[in-house]
Every structure is written in structure tokens, then in C-alpha cells.
Amino acid sequence: MKISQIANYSLLAEGGLPPLQAMVYEELMRRPDEVFEYQGDELIRTFPRMKRSALNWSLWLLAKTGHIGKLRVRVDGRLTTVYGAHEAVDALKERMGIATN
């Protein structure tokens, strides 16, 4: 095992994110005016070597731990979940007239 791998995992105890989640989180923070659909193609194009399931799992975990926002909305007539920076999700809620907490 490489020493760099051990160092990465030790950061988790200090509140850090695993490498995959950290990459997704950084990308969402760079795009605070966008939300991304669960199972959507936009983010997967940003990470072409990442499996779709790994990306979706990372989004779900980041939202569950409170690092990013999540909202169920109707897009093109169907109900879907979108993820994004808290700023983006709050802006979407405001635009849709949904009360923010």
C-alpha cells in the first residue's frame, strides 16, 4: 500500500471527504448557479472516466451529509431529484416559490 493512500484515508477522521466525493464536491462548488439531475448526463461528461453509479452515489452521500443541496422537482413533466451547491438549490427554491428552511 502506498503511503499517499494511507494519508488520504486518515483525513476522513478529520472531517475530510473521500477522493471521489471531493472531486464531485469541488465541481459543484465551481458551478454555484447550476443544479444537476440525478442520472443526468451533464456531470458525467465532466468526469468521463467515472462510472455513473459512482457519481450518483457520491451525489447522494454528499447531500446526506449536508455538503450539497438536494431537491425533488418536476422537469419536462416528470418528477426528478436535482443536486447542487446550497446556493444553487436555494436559488431554485426561491424561483419556484418554495419556502426555504
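Right above here is the structure, for reference.
Because the structure is predicted, anything quoted here is derived from the model rather than measured.

### Notes on the packing of helix 2 (residues 19–30) against helix 4 (residues 52–64)
Axis angle and axis distance: for two packed helices, these are the angle between their axes and the distance between the axes, and together they describe the pair.
Then step 1. Relative to each other, helix 2 and helix 4 sit at 75°, their axes nearing to 9 Å. The angle between the axes of helix 2 and helix 4 places the two elements in the roughly perpendicular class. Along the contact surface, helix 2 presents Leu-20, Gln-21, Val-24, Tyr-25 and Leu-28, while helix 4 presents Ala-54, Leu-55, Ser-58, Leu-59, Leu-61 and Leu-62.
Then step 2. Taken together, the residues of the contact of helix 2 with helix 4 break down into nine nonpolar, two polar and no charged.

### Here's the deal with the sheet that holds strand 3 (residues 78–84)
In any sheet, the strands associate via hydrogen bonds between backbone groups, in a parallel or an antiparallel arrangement.
Then step 1. Read from one edge of the open sheet, three strands run 1-3-2, paired in antiparallel fashion. Edge positions in the open sheet fall to strand 1 (35–37) and strand 2 (69–75), since each of these has one partner strand only. For this sheet the average axis-to-axis angle between neighbouring strands, irrespective of direction, equals 40°.
Then step 2. The pairing of strand 1 with strand 3 spans three bridges and is antiparallel. When the sheet's bridge partners are listed, Phe-36 is paired in strand 3 with Tyr-83.
Then step 3. Relative to the sheet, helix 5 (residues 86–96) contacts strand 1, strand 2 and strand 3, its axis offset from that of strand 2 by approximately 40°.

Conventions we followed
- Residues numbered from 1 in each chain as written.
- Predicted model: local features only at pLDDT ≥ 70, side-chain atom pairs only at ≥ 80, totals over all residues.
- Heavy atoms only, no water.
- Axes fitted to C-alpha atoms, helices over the stretch in contact; angles between N-to-C directions.
- Helix = DSSP H or I, 4+ residues; strand = E, 2+ residues; numbered from the N terminus.
- Parallel < 35°, antiparallel > 145°, perpendicular 65-115°, else oblique.
- Contact = heavy atoms within 4.5 Å.
- Nonpolar A, V, L, I, M, F, W, Y, C, P; charged D, E, K, R; others polar.
- Pairing = 2+ DSSP bridges.

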